[in-house]
Amino acid sequence: MNADHKKTSADSKEYGEAFAAIGSTPRIEVLFTVVKAADGGLTIGEIQEITQIPASTLAHHLRFLADAKLIIQERDGRRIINKANLGTIKKLSTFLID
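Here the structure is a predicted model, which is why all the values come from computation and not from measurement.

**Student:** Tell me about the overall build of the protein, residues and numbers included.
**Tutor:** The helix and strand tally for the protein stands at five helices and three strands. In the protein, the order of α-helices and β-strands from amino to carboxyl end is α-α-β-α-α-β-β-α. Burial statistics for the protein: of 98 residues in total, 30% are counted as buried. With an accessible surface of roughly 6200 Å², the protein has 55% of that area assigned to carbon and sulfur atoms.

**Student:** How would you sum up the sheet that holds strand β2 (residues 71–76)? Please name residues and give values.
**Tutor:** One key point about sheets: their strands pair by backbone hydrogen bonds, in either a parallel or an antiparallel sense. Across the sheet, which stays open at both edges, the three strands sit in the order β1-β3-β2 with antiparallel pairing between neighbours. Two strands lie at the open edges of the sheet, namely β1 (42–43) and β2, each paired on one side alone. With six bridges joining them, β2 and strand β3 (residues 79–84) adopt antiparallel strand pairing. Bridging from a neighbouring strand, Asp 76 pairs with Arg 79 of β3. Each of β2 and β3 is contacted by helix α4 (residues 55–67), which is oriented at about 115 degrees to β2, the strand it contacts most.

**Student:** Could you give an account of the pairing of β3, with specific residues and numbers?
**Tutor:** Bridge count between β1 and β3: two bridges; the pairing is antiparallel. Each bridged residue has a counterpart across the sheet, and for Leu 42 the counterpart in β3 is Asn 82. The loop that links β2 with its antiparallel partner β3 comprises two residues; one of these, Gly 77, has a positive phi angle of about 70 degrees.

**Student:** Outline the packing of aromatic side chains, listing residues and values.
**Tutor:** This model, assessed by the stated rule, comprises two aromatic pairs. Ring centres 4.2 Å apart and planes at 25 degrees place the aromatic pair Tyr 15 and Phe 95 in the stacked group. With a gap of 80 residues between them, Tyr 15 in helix α1 (residues 9–21) and Phe 95 in helix α5 (residues 86–97) connect regions that are remote in the sequence. With a relative accessible area of 4%, Tyr 15 lands in the buried category.

**Student:** Give a description of unusual backbone geometry that names residues and reports values.
**Tutor:** Phi is positive for Gln 52, which is not a glycine, with a value near 65 degrees. Tracing the chain through its elements places Gln 52 in the loop between α3 (44–51) and α4.

**Student:** A description of the side chain of Asn 82 should follow, citing residues and the corresponding values.
**Tutor:** As for its placement among the helices and strands, Asn 82 is situated in strand β3. Within the structure, Asn 82 has its side chain in polar contact with the side chain of Gln 73 (distance 2.7 Å).

**Student:** Would you mind going over the environment of Lys 83 in detail, with residue names and values included?
**Tutor:** Among the structural elements, Lys 83 can be located in strand β3. Along the sequence, Lys 83 and Gly 41 sit 42 residues apart, while their C-alpha atoms lie 4.4 Å from each other. What Lys 83 contacts, discounting residues up to four positions off in sequence, is Val 34, Asp 39, Gly 40, Gly 41, Leu 70, Ile 71, Ile 72 and Glu 74.

**Student:** Summarise the pattern of salt bridges; cite the residues concerned and give the values.
**Tutor:** As enumerated under the stated definition, the model contains four salt bridges in all. With a shortest N-O distance of 3.1 Å, Glu 74 and Lys 83 are connected by a salt bridge. Judged by relative accessible area, which is 22%, Lys 83 ranks as partly exposed. Salt-bridge contacts for Arg 79 lead to Asp 76; the nearest nitrogen and oxygen are separated by 3.1 Å. Under the relative-accessibility criterion, Asp 76 is labelled partly exposed at 42%.

Reading guide: rules and limits
Residues numbered from 1 in each chain as written. Predicted model: local features only at pLDDT ≥ 70, side-chain atom pairs only at ≥ 80, totals over all residues. Heavy atoms only, no water. Helix = DSSP H or I, 4+ residues; strand = E, 2+ residues; numbered from the N terminus. Buried < 20%, exposed > 50% of the residue type's maximum accessible area, 1.4 Å probe, protein only. Areas by Shrake-Rupley, 256 points an atom, 1.4 Å probe, with all protein chains shown as cover. Pairing = 2+ DSSP bridges. Contact = heavy atoms within 4.5 Å. Axes fitted to C-alpha atoms, helices over the stretch in contact; angles between N-to-C directions. Phe/Tyr/Trp six-rings, centres within 6.5 Å; stacked < 30°, edge-to-face > 60°. Polar contact = N/O pair within 3.5 Å; in protein donor to acceptor, adjacent residues only side chain to side chain. Salt bridge = Lys/Arg side-chain N within 4 Å of Asp/Glu carboxyl O.

Written out as structure tokens, the structure is:
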């Protein structure tokens, strides 16, 4: 582990939640879809169109990813825009590499 990064129990909890969130094939697919959208993000309808995941199931996956801070959901009028939280994703990759 990098000398600059000391592992704490809070880190362990955060990483555990994030890894649990991407612990299913559909959630990985949703996360990849949102990451590919870059800064503009995607609405729930757009994600559903790309992934073909039923709306109720997709809502569950998005909630799980948002709770783990892997995606950020922003309200734009009546729409919810889903964006990748690249900060958290980068922290996970650094954790794995270190």
